[in-house]
Amino acid sequence: MRTGRASALTDTGRRRMQNEDAFVCDPPLYAVADGMGGAQAGEIASRLAATALEERAHDLLGEEAVADLIREANDRIFRHALADPTVAGMGTTVTALLVDEEAGTVAVGHVGDSRAYLLRDGALEQLTADHSLVAELVRSGRLTPEEAEQHPHRSVITRALGTEPDVEVDTFSIAAAAGDLYLVCSDGLTSMIGDDQIIAVVDEAERDPDGIAEGLVRAANRAGGEDNVTVVVFEIVEGAPALLLEPDGPTAEAAAVAAAVTPDEASPVVPAAGEIGPGVEPVRRHGAGSGGRWLALAAILVALASAVVLVWWGLAR
Ligand code: MG
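Residues numbered from 1 in each chain as written. Predicted model: local features only at pLDDT ≥ 70, side-chain atom pairs only at ≥ 80, totals over all residues. Heavy atoms only, no water.

1. Remarks on the coordination of the magnesium ion
Tetrahedral coordination by four donors puts the ideal angle at the metal at 109.5 degrees, and octahedral coordination by six puts it at 90 or 180 degrees. Donor atoms from the polypeptide that coordinate the magnesium ion comprise Asp34 (OD), Asp187 (OD) and Asp227 (OD), at 2.1 to 2.2 Å from the metal. As a motif over one chain, the donors of the magnesium ion read D-x152-D-x39-D. With Asp34 in strand S3 (residues 29-36) and Asp227 in the loop between helix H7 (209-222) and strand S11 (229-237), the pair connects residues that are 193 residues apart, well separated along the chain. This pair shows no difference in class: Asp34 is buried, exactly as Asp227 is. (Donors = N, O, S within 2.8 Å, 3.2 Å for Na, K, Ca; no water. Helix = DSSP H or I, 4+ residues; strand = E, 2+ residues; numbered from the N terminus. Buried < 20%, exposed > 50% of the residue type's maximum accessible area, 1.4 Å probe, protein only.)

2. What about the layout of surface pockets?
The space that makes up the largest pocket amounts to roughly 810 Å³. Surrounding the largest pocket, 29 residues form its lining, Arg115, Asp130, Glu149, Thr190 and Ser191 being those nearest its centre. The set of elements that each furnish at least two residues to the lining of the largest pocket consists of strand S7 (115-120), helix H3 (133-139), helix H4 (145-150), helix H5 (187-190) and helix H6 (195-204). Class assignment of the residues belonging to the lining of the largest pocket gives a composition of 11 nonpolar, 7 polar and 11 charged. (1 Å grid on protein atoms, 1.4 Å probe; cavity = no way out; pocket = protein on both sides within 12 Å on 5 of 7 lines; lining within 4 Å. Points joined across faces, edges and corners; volume = space filled by probe spheres on them. Nonpolar A, V, L, I, M, F, W, Y, C, P; charged D, E, K, R; others polar.)

3. Section: the pairing of strand S2 (residues 21-26)
Of all 6 residues making up S2, 6 are buried, and the element is well covered by its neighbours. Covered by surrounding structure in S2 are Asp21, Phe23 and Cys25 together with Ala22, Val24 and Asp26, the residues of both alternating faces. In terms of strand pairing, S2 meets S3 through 6 bridges, oriented antiparallel. Each bridged residue has a counterpart across the sheet, and for Cys25 the counterpart in S3 is Tyr30. Between S2 and the antiparallel strand that follows it, S3, lie 2 residues. (Pairing = 2+ DSSP bridges.)

4. A short note on empty space enclosed by the protein
To find the voids left in a structure, one rolls a probe of water-molecule size over its atoms. Per the counting criterion, the structure on display carries 2 cavities of 30 Å³ or more. The space that makes up the largest cavity amounts to roughly 50 Å³. What lines the largest cavity is Leu119, Leu124, Leu181, Leu183, Ile198, Val202, Ile212, Leu216 and Val233. Sorting the residues of the lining of the largest cavity by element identifies strand S10 (181-185), H6 and H7 as the ones contributing at least two each.

5. Quick look at the nonpolar core
Membership of the largest hydrophobic core comes to 32 residues, with the highest contact counts inside it found for Leu53, Ile70, Met90 and Leu161. At 8 residues, helix H1 (residues 41-56) tops the list of elements feeding residues into this core. Contacts of Leu53, omitting those with residues within four sequence positions, involve Leu29, Ala31, Leu69, Ile70, Val94 and Ala96. Residues Leu183, Cys185, Met192 and Val201 belong to the second largest nonpolar core, which totals 23 residues. (Core = buried A, V, L, I, M, F, W, Y, C linked by side-chain atoms within 4.5 Å. Contact = heavy atoms within 4.5 Å.)

6. Some points on the environment of Leu161
Mapped onto the elements of the fold, Leu161 is located in the loop between H4 and strand S9 (170-175). Residue classification places Leu161 among the buried residues on the basis of a relative accessible area of 0%. A sequence separation of 69 residues divides Leu161 from Thr92, and the C-alpha atoms of the two residues are 5.2 Å apart. Ignoring anything within four residues of it in the chain, the contact list for Leu161 reads Ala49, Ile70, Ala73, Asn74, Ile77, Met90, Gly91, Thr92, Val94, Val111 and Val167.

7. Describing the packing of aromatic side chains
Going through the model one piece at a time under the given rule, you end up with 2 aromatic pairs. When the ring of Tyr30 is compared with that of Phe234, the centres are 3.8 Å apart and the planes differ by 15°; the resulting orientation is stacked. Within this pair, whereas Tyr30 is found in strand S3, its partner Phe234 is found in strand S11, the two being separated by 204 residues in sequence. In this structure, Tyr30 and Phe234 share a single accessibility class: buried. Where Tyr182 meets Phe234, the ring centres are 5.1 Å apart and the plane angle is 15°; that geometry is what we call stacked. Of this pair, Tyr182 sits in strand S10 while Phe234 is found in strand S11, placing the two residues 52 residues apart along the sequence. Overall, the relative accessible area of 0% leaves Phe234 in the buried class. (Phe/Tyr/Trp six-rings, centres within 6.5 Å; stacked < 30°, edge-to-face > 60°.)

Next comes the structure, spelled out in structure tokens:
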């Protein structure tokens, strides 16, 4: 088996001003991080996590490697927050899938309430268990899944990266099979649409990852778009392993991004979520950036119109 097509998309949604999600779509690693914290701290936390994962993913394989990557990300975010009081308390979820083509496995590492799903033989299986308040209440029988969906505190997570010096990481491995479709997503998708709708989008897109990513983001926004929504999709296909280890990988690029995400430079311009993996195709990003440009253009036009009116008024007097 080997990895086939992949696609990733992130969107601010319809209610939020900023996108605090980040993703990695860089074979053999696929991951989503959903940041939290005041001002731009959430964006910094999720981006630090994505960068830490992407930098070292190319020379690693297996469950322990995923756990190590996530612990390294935790360490970076925690130290960054210690050094900069303006982002104290920032944190992020992370759900990361690392494919080992030789072994035919997908190693999963997970903290928080972003999720990984496997679509196999038409059935959608949630692979990760949410580290959230409502998920724990459901597991202990004190809340039904239906009550959890409507619960006012459904976005409260019980485990995050960056808030403590150490983090407990859930890890496990899946025996991959040709035809598998893996989906990694932030809660902005799963709090808006259910399993049936996810399957319907996959069918409608005829399993094309680009179409699936676009369809899922569109469906989440149509359902209200109350949160940032991020989707990473990849397929496993027949064939000999194709990935080569790339110890040099994107390290220099990723380090440059990490260096750019300092608190001083992060305000007011923060690198966009989709820009974690520059040059990685097909990684696309919709939304967040273009709104700002149109606002700026509108402001300039309004200023020009005001100037014309003032001059005309002055001449008319
Ligand atoms: Mg979220």
